[in-house]
Amino acid sequence: MNKQQNFSTYFNDWLYGNNGYYTKYNSIGKEGDFYTSVSTSSYFGGTIGKRIVDTITSGFLPKNSTIVEIGAHHGYLLADIIQFIYTLNPELVETLNFCIVERHDHLKQQQIKYFQDSFGDAINLTHYKDIKDVKLDSAYIVANEIFDAFSCELIYTDENSVRKNAVVNNHKISFEKCEDDYLNEICDRYNIEKGEIALGYEEFAKTICQNIKKFEFISFDYGDNYPRNDFSARIYDKHKVYPIFEENLPLEKLFSNSDITFDVNFKHLMDCFKNLDCQSVDFMTQLKTLVEFGIHDLLQILKDNADDNTYLRETQKVKTLLDPTSMGERFKAIIVRK
């Protein structure tokens, strides 16, 4: 790659280009490059399943709604959700619909196989290539760590107060004066002097709100509801983390062979939905979200019906999800209702 390009193009090629990181099947968890809440405990998806049951029981969504997962990787999260819905309210599994939005055929095949192995013919799973293709009357939409994989630009304001954006040439990052109206507007709106600006949040929110008449949408990711004014872009490779500007970092070697990501500016994301007149747009830590959704109620059900060793084993996994020094506070949730 010898042609100069914006960082967002480089980022997109890294993950989604020819032989990009997400075009290959990469394990998550101990054997992969990173952990997620899904790979930590089935009670992560189980708690979302309980929330779905409660949302339908309260009357906000009808029993024939569609459960939509965006970016399901192996399919573990949606499968956990279904399993817990069946445990809590088995009749609902008969009336609900299930679909996954997945752009990559190799991941789609993995998901189909996993669902067949897990449920046989009991679950009818539908696939869509793009969220733009999903048009429904009612849905519960779930996404885990997708917004940190939207392409982004790197912004830096130098000592002379000149705003610059990153360009890449032969895997070398440099900065030039920012002439992009959108980037300048976002920087002015959120007082960003240094950091990442994600691209595509507005279009994503607009697509969901236009195509789905009534929904609750929940997504978990790392980040905050304010800009950090520092670079968070980093690379995960075999559970090691490398800041994008680490000295002597071999970007050419890591390119497309490891995960690249950044912290989500949830204020920007939330405003995209608020500008579309959604009923509510909430922001909480993962700890608070899972507790409010009833994760302790699920553990109590397990305690009442399982042996002590099983209960203690699952409790330890849940502690990792809730630990304020780890996933509990590091990961945040956005919850949108329309």
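As a reminder, the structure under discussion sits directly above these lines.
Everything numeric in this text was worked out from a predicted model, so none of it was measured.

*Asks:* Looking at this structure, I do not really get the packing of aromatic side chains. What am I missing?
*Replies:* Any pair of aromatic rings gets described here by the distance separating the centres and the angle formed by the planes. Evaluation of the coordinates by the stated rule reveals 26 aromatic pairs. Seen in terms of ring centroids, Phe-147 and Phe-150 are 5.3 Å apart; in terms of plane orientation they differ by 40°. Their pairing is tilted. Note on Phe-147: relative accessible area 1%, which makes it buried. One aromatic cluster is present, formed by Phe-7, Tyr-10, Phe-11, Trp-14, Phe-255 and Phe-262 through successive ring pairs. The ring centre of Phe-60 lies 4.9 Å from the NZ or CZ of Lys-214, which sits over that ring. The cationic tip of Arg-234 hangs over the ring face of Tyr-222; the distance from NZ or CZ to the ring centre is 4.7 Å.

*Asks:* So what exactly am I meant to see when it comes to unusual backbone geometry here?
*Replies:* Note: most peptide bonds trans; most residues except glycine with negative phi. Its identity as a non-glycine residue notwithstanding, Asn-191 has a phi of 55°, on the positive side. You can see Asn-191 is positioned in the loop between α7 (181-190) and β9 (194-198). Located in the positive-phi region is Asp-277, a residue other than glycine, with phi close to 60°. Among the secondary structure elements, Asp-277 is positioned in the loop between α10 (266-274) and β15 (280-285). Residue classification places Asp-277 among the exposed residues on the basis of a relative accessible area of 69%.

*Asks:* Please explain the packing of helix α3 (residues 42-57) against helix α4 (residues 76-88) as it appears in this structure.
*Replies:* Two packed helices can be described by the angle between their axes and the distance between those axes. Between α3 and α4, whose axes approach to 7 Å, the crossing angle comes to 55°. Classed by the angle they form, the pair α3 and α4 counts as oblique. As α3 packs across α4, the resulting crossing turns out to be right-handed. Counted together, Ser-42, Tyr-43, Phe-44, Gly-45, Gly-46, Ile-48, Gly-49, Lys-50, Ile-52 and Val-53 of α3 and Leu-77, Asp-80, Ile-81, Phe-84, Ile-85 and Leu-88 of α4 form the full contact between these two elements.

*Asks:* Please clarify how the environment of Glu-252 should be interpreted in this entry.
*Replies:* Following the sequence through the fold, Glu-252 ends up in helix α9 (residues 251-254). Among the residues examined, Glu-252 registers a relative accessible area of 57% and is labelled exposed. When the C-alpha positions of Glu-252 and Asn-170 are compared, they lie 8.0 Å apart, and in sequence the two are 82 residues distant.

The rules behind these values
Residues numbered from 1 in each chain as written. Predicted model: local features only at pLDDT ≥ 70, side-chain atom pairs only at ≥ 80, totals over all residues. Heavy atoms only, no water. Phe/Tyr/Trp six-rings, centres within 6.5 Å; stacked < 30°, edge-to-face > 60°. Buried < 20%, exposed > 50% of the residue type's maximum accessible area, 1.4 Å probe, protein only. Lys NZ or Arg CZ within 6 Å of the ring centre and 35° of its normal. Helix = DSSP H or I, 4+ residues; strand = E, 2+ residues; numbered from the N terminus. Axes fitted to C-alpha atoms, helices over the stretch in contact; angles between N-to-C directions. Parallel < 35°, antiparallel > 145°, perpendicular 65-115°, else oblique. Left-handed = near helix turned anticlockwise from the far one by under 90°. Contact = heavy atoms within 4.5 Å.

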